[in-house]
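# Reading the structure
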Amino acid sequence: MTTTSSTDAGTTATPMVEVRGVHKEFGRGADAVHVLRGVDLTVARGSVTVVLGPSGSGKSTLLRCVNELEEITAGSIVVDGERMGYREDAKGVLHRLHPKVIARQRQRIGMVFQRFHLFPHMTALENVMEAPVQVRGMSKRDARTRALQLLERVGLGDRTDHYPAQLSGGQQQRVAIARALAMDPELMLFDEPTSALDPELVGEVLAVMKDLAADGMTMIVVTHEIGFAREVADHVVFMDQGVIVEEGAPAQVIDSPREQRTQEFLAHVL
Amino acid sequence: MSDPIPHRIHARPVPRPGRFLAAAVVLVLAAMVVNGLVTNPNYRWDTVWLYLRDVVVIRGVMWTLVLTFGSMAIAVVLAVLLAVMRRSDNPVMRWVAWAYIWFFRGTPIYTQLVFWGLLAVLYPRLSLGIPFGPEFFSFSTRDVITAFWAALIGLALNEAAYLAEIVRAGLSSVDPGQTEAAKALGMKDSKILRRVVLPQAMRVIVPPTGNETISMLKTTSLVIAVPFTHDLFYATNAIGNRLYQTIPLLVIAAIWYLLITSVLMVGQHYLERYYGRGFGTETGRRRAGGGTGPSGSRKERKARKQDLIRQSGTTKDDPFLEVTP
Ligand SMILES: Nc1ncnc2c1ncn2[C@@H]1O[C@H](COP(=O)(O)OP(=O)(O)O)[C@@H](O)[C@H]1O
Ligand SMILES: [Mg+2]
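These numbers were taken from a predicted model, which means no experiment stands behind them. Along each chain, residues carry numbers from 1 onward, in the same order as the chain's sequence is written. The lettering of chains begins at A and the numbering of ligands begins at 1, in the order of writing. In keeping with the predicted nature of the model, local features appear solely for residues at pLDDT of at least 70, side-chain atom pairs appear and are counted solely at 80 or more, and the whole-chain, interface and lining totals rest on all residues. For the side-chain quantities, the full set of heavy atoms in the structure was used; hydrogens and water were omitted.

### Side note on the packing of helix H3 (residues 55–86) of chain B against helix H8 (residues 147–172) of chain B
Residues and elements named next belong to chain B. Closest axis-to-axis distance for the H3/H8 pair is 5 Å, and the angle between their directions is 45°. Of the possible angle classes, the one that applies to H3 and H8 is oblique. H8 is crossed by H3, and the crossing has right-handed handedness. A breakdown of the residues in the contact of H3 with H8 according to their chemical character gives 24 nonpolar, two polar and four charged. Fitting a line to C-alpha atoms yields each axis, with helices limited to the stretch in contact; the angle taken between N-to-C directions then spans 0 to 180 degrees. Think of it this way: any DSSP run of H or I at least four residues long counts as a helix, any run of E at least two long counts as a strand, and we number them from the N terminus. Note on terminology: angles under 35 degrees are roughly parallel, angles over 145 are roughly antiparallel, angles of 65 to 115 are roughly perpendicular, and the others are oblique. When the near helix sits turned anticlockwise from the far one by under a right angle, the crossing is termed left-handed; a clockwise turn instead gives a right-handed crossing. Under this grouping Gly is polar, as are all residues other than the nonpolar Ala, Val, Leu, Ile, Met, Phe, Trp, Tyr, Cys and Pro and the charged Asp, Glu, Lys and Arg.

### Quick look at the sheet that holds strand E12 (residues 243–248) of chain A
All names here are of chain A. Paired strands are those between which DSSP finds at least two bridges. Here we have six strands laid out as an open sheet, ordered E8-E9-E10-E3-E11-E12, and mixed in their pairing. Looking at the sheet topology across the chains shown, the edges are occupied by strand E8 (109–112) and E12. In this sheet, adjacent strand axes meet at a mean angle of 20° when their direction is disregarded. With five bridges connecting them, strand E11 (residues 235–240) and E12 associate as antiparallel partners. Bridging from a neighbouring strand, Val237 pairs with Glu247 of E12. Across the sheet, helix H2 (residues 59–66) is in contact with strand E3 (48–52), E8, strand E9 (187–191), strand E10 (218–222) and E11; its angle to E9 comes to roughly 150°. By definition, residues are in contact when any of their heavy atoms lie within 4.5 Å. Sheet contacts for helix H10 (residues 260–269): E3, E11 and E12; angle to E11, the most-contacted strand, approximately 95°.

### Concerning the pattern of salt bridges
All names here are of chain A. By convention in these notes, a salt bridge is any Lys or Arg side-chain nitrogen within 4 Å of a carboxyl oxygen on Asp or Glu. Within the structure shown, the criterion is met by 25 salt bridges over all chains. Here Arg159 makes a salt bridge to Asp158, at a shortest N to O gap of 3.3 Å. Salt bridges here are not isolated pairs; linked through shared partners, they connect Arg45, Asp80, Glu82, Arg104, Arg108 and Glu186.

### Quick notes on the UniProt feature "transmembrane region" (unreviewed entry) in chain B
Residue and element names in this part refer to chain B. UniProt positions are given in the numbering used here, feature names are shortened, and annotations may be inferred rather than shown by experiment. Those places that UniProt annotates as "transmembrane region" (unreviewed entry) correspond, in this numbering, to residues 20–40, 60–85, 97–124, 144–164 and 249–271. When the span residues 20–40 is considered, its composition is 95% helix and 0% strand, and the gap between its end C-alpha atoms is 30 Å. Secondary structure within residues 249–271 divides into 100% helix and 0% strand; the distance between the first and last C-alpha atoms comes to 33 Å.

### Regarding the site of ligand 1
Residues and elements named next belong to chain A. Taken together, Phe26, Val35, Pro54, Ser55, Gly56, Ser57, Gly58, Lys59, Ser60 and Thr61 make up all the residues around ligand 1. Any pair of nitrogen or oxygen atoms within 3.5 Å is treated as a polar contact; in protein, a donor-acceptor pairing is required on top of that, and neighbouring residues in sequence qualify only through side-chain atoms on both sides. Note that an oxygen atom of ligand 1 is positioned 2.7 Å from one of the backbone N or O atoms of Gly56. In this structure, an oxygen atom belonging to ligand 1 sits 3.0 Å away from a main-chain N or O atom of Gly58. Accessible surface area values rest on a Shrake-Rupley calculation with a 1.4 Å probe, where residue burial reflects the displayed protein chains alone. Surface burial for ligand 1 is 58%, taken as the share of its 560 Å² of free accessible area covered by protein chains. Here the shell around ligand 1 gets three residues from one element, more than from any other, and that element is H2. For each residue, the test is whether any non-hydrogen atom lies within 4 Å of the molecule or strand; if one does, the residue is near.

### Examining the side chain of Gln268 of chain B
Residues and elements named next belong to chain B. Turning to its location among the elements, Gln268 is positioned in helix H12 (residues 246–275). Residue class for Gln268 comes out buried when judged on its relative accessible area of 10%. A polar contact is formed between the side chain of Gln268 and the backbone oxygen of Pro207, at a distance of 3.1 Å. Buried residues are those whose accessible area, probed at 1.4 Å on protein chains only, stays under 20% of the maximum for their type, while exposed residues exceed 50% and partly exposed ones sit between those limits.

### A short note on the packing of aromatic side chains
All names here are of chain B. Ring geometry is summarised as follows: Phe, Tyr and Trp rings, the Trp one being its six-membered ring, pair when their centres sit within 6.5 Å, and such pairs are stacked at plane angles under 30 degrees, edge-to-face over 60 and tilted between the two. In total, this model carries eleven aromatic pairs over all chains according to the counting rule given. Aromatic pair Tyr43 and Trp45: ring centres 5.9 Å apart, planes at 35°, arrangement tilted. Each ring, one from Trp63 and one from Phe228, has its centre 5.5 Å from the other, and the planes form 75°; the classification is edge-to-face. Of this pair, Trp63 sits in helix H3 while Phe228 is found in the loop between helix H10 (189–219) and helix H11 (232–243), placing the two residues 165 residues apart along the sequence. Judged by relative accessible area, Phe228 falls into the buried class, the value being 3%. Within the aromatic cluster, the residues linked to one another by ring pairs are Trp63, Phe148, Trp149 and Phe228.

### Let's talk about unusual backbone geometry
In the segment running from Val226 of chain B into Pro227 of chain B, the intervening peptide bond is cis, with an omega of 5°. Within the secondary structure, Pro227 of chain B is located in the loop between H10 and H11. Backbone geometry at Asp80 of chain A places phi at a positive 50°, although glycine is not the residue there. Mapped onto the elements of the fold, Asp80 of chain A is located in the loop between strand E4 (74–79) and strand E5 (82–83). In this structure Asp80 of chain A comes out as partly exposed when scored by relative accessible area, which is 25%.

### A few points about the nonpolar core
Formed by 78 residues in total, the largest nonpolar core has its most connected members in Val19, Ile77 and Leu187 of chain A. Per element, the largest residue contribution to this core is 13 residues, and it comes from H8 of chain B. To qualify as a nonpolar core, a set must consist of buried Ala, Val, Leu, Ile, Met, Phe, Trp, Tyr and Cys residues joined through side-chain atoms within 4.5 Å. The next biggest cluster of nonpolar side chains, apart from the first, holds 51 residues, and it includes Leu125, Val205, Met219 and Val245 of chain A.

### As for the confidence of the model for chain B
All names here are of chain B. Chain-level statistics for chain B give a pLDDT mean of 85 and a share of 84% at 70 or above. When pLDDT is averaged over each element of chain B, helix H9 (residues 176–184) comes out on top at 97 and helix H13 (residues 280–289) at the bottom at 35. Here pLDDT means the predictor's own confidence in every residue, given as a number from 0 to 100. Of the regions scoring below 50 in pLDDT, residues 277–295 engages in 34 contacts with residues more than four places distant in sequence or in other chains. Predicted confidence for residues 319–325 stays below pLDDT 50, and this span has 20 contacts to residues more than four positions away or in other chains.

### So, the UniProt feature "domain: ABC transmembrane type-1" (unreviewed entry) in chain B
In the numbering used here, UniProt assigns the "domain: ABC transmembrane type-1" (unreviewed entry) feature to residues 61–270 of chain B. The span residues 61–270 of chain B is 77% helix and 5% strand, and its two end C-alpha atoms sit 24 Å from each other.

### What to know about the environment of Trp63 of chain B
Residues and elements named next belong to chain B. The exposure class of Trp63 is partly exposed, given its relative accessible area of 30%. With 20 residues separating them along the chain, Trp63 and Tyr43 place their C-alpha atoms 26 Å apart. Apart from the residues lying within four places of it in its own chain, the contact partners of Trp63 are Phe148, Phe228, His230 and Asp231.

If you want it as structure tokens, here you go:
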């Protein structure tokens, strides 16, 4: 992976992601659904955080808030020292950022979805080239060279001219990872990247993610793959009903959970 | 002899005498219609043949084609604009687009064309300026909005309202996950629309737009309301009145409309094949084969691309989903 600029050394102390007191409510008034109920989370640079939790506990919502696909209702999210979505002026008044600025903030954050969401009208290569060319204004030639490297890296050097519908789920997800990496993100978010895959295809995607983690990428991974969490995670977070119930080292949270809800959940998935 | 299936069933079909009877009745009726067309001297087939290629008629065909394609082109651009406005966050935009579609779909095209023809009477001078404030420049309506432009604008503005709903259905047929993925890559909304959403929506937009074009061809016969007097229908009608032979010239008009519609239908057939199914089996084979990358002519590749979009299931098939405003 390309390492980030020279400011790296100076800022290693500050975490990559700081989530503080985040609430998320969908809708307003009587129909409001209070999904995140005060989430605090710190993700260190170069670390892998695995988020566990039952369906509907707000894991996806949390990830989507981190890259501003959802607007938070309260609290703050700071990524690499920059507050997401808002600017605070000298008097402490919050100003919503212009969509263009938010689009720029998202460029630093890669996201991988459960259902891949590759662009079906583009080949694997075109999918990976799209953002560097259209967002960064990179030349097609450079973007192509880079995209070929990335596809090679995820083991798809021989599938570059295939359309998504011509690829297996595991291959599509690996293209999706390459597409996110093409923007040189400093943070990668994975929302159940293997949940839509046939069991025999899960391994190839997890292998790419392990490789990425070994390379020092900061990652937040929502997954039910406990084995992956145990092996790769630096930090494991258990969420339930919109709050973080328990967090810590994988050995502690997975193998000797303190909270009853964590124990119950793990009993189900293990 | 070498049939691998033993004791293949060779059953007699269910007797259906009604089918033959129905076919016979329909054929007799059809023969009567054709006979009535050919042998009835009132059709004056000699006149039909003589005037079918009359210079005024051919010129009428040209004007009709210009009106059809000109108004469709303007309407498509306007329709995309309206469809995007309908989806805007800005309530004023949404409301204006809604009101536009409501008005132009809700009033007869004939009335609208009369209105555009009377524009010069209603507003002798058109000017650009600030409402209730100063004017920057003005011109005589009659000089600028000629009958042709009034007809073209009238047809285009009306058509835009219909196409807007088709485009909107196309845009909303694209999986929202596509927009999210593009956002997550840091793309701006305009880029997302142009690079991600519209290309996928085309599959749903193109077939009904073909229908609209065929419909527009015939709607151009209403431009007499403006009045614009060079199109095919008016031309044949005028000749018919002059010769006191209305019927043969109506037949000429019908023949030309049918001819152009047939050409458009062939075009539409190919467009639908590009943007929809038809190449399904081929792609299926390719997928099963696995290895082969995309090759072949550009048309083929484009068709395959559209087919793959369909297969990926990111678009819903029905173009008339969620069309009601
Ligand atoms: N756009 C939305 N509008 C209303 N409720 C939503 C929306 N998105 C998610 N929710 C609700 O928020 C809760 C948490 O959802 P989610 O974050 O997807 O959970 P998880 O990913 O942990 O399964 C669910 O109850 C879900 O119904
Ligand atoms: Mg989820």
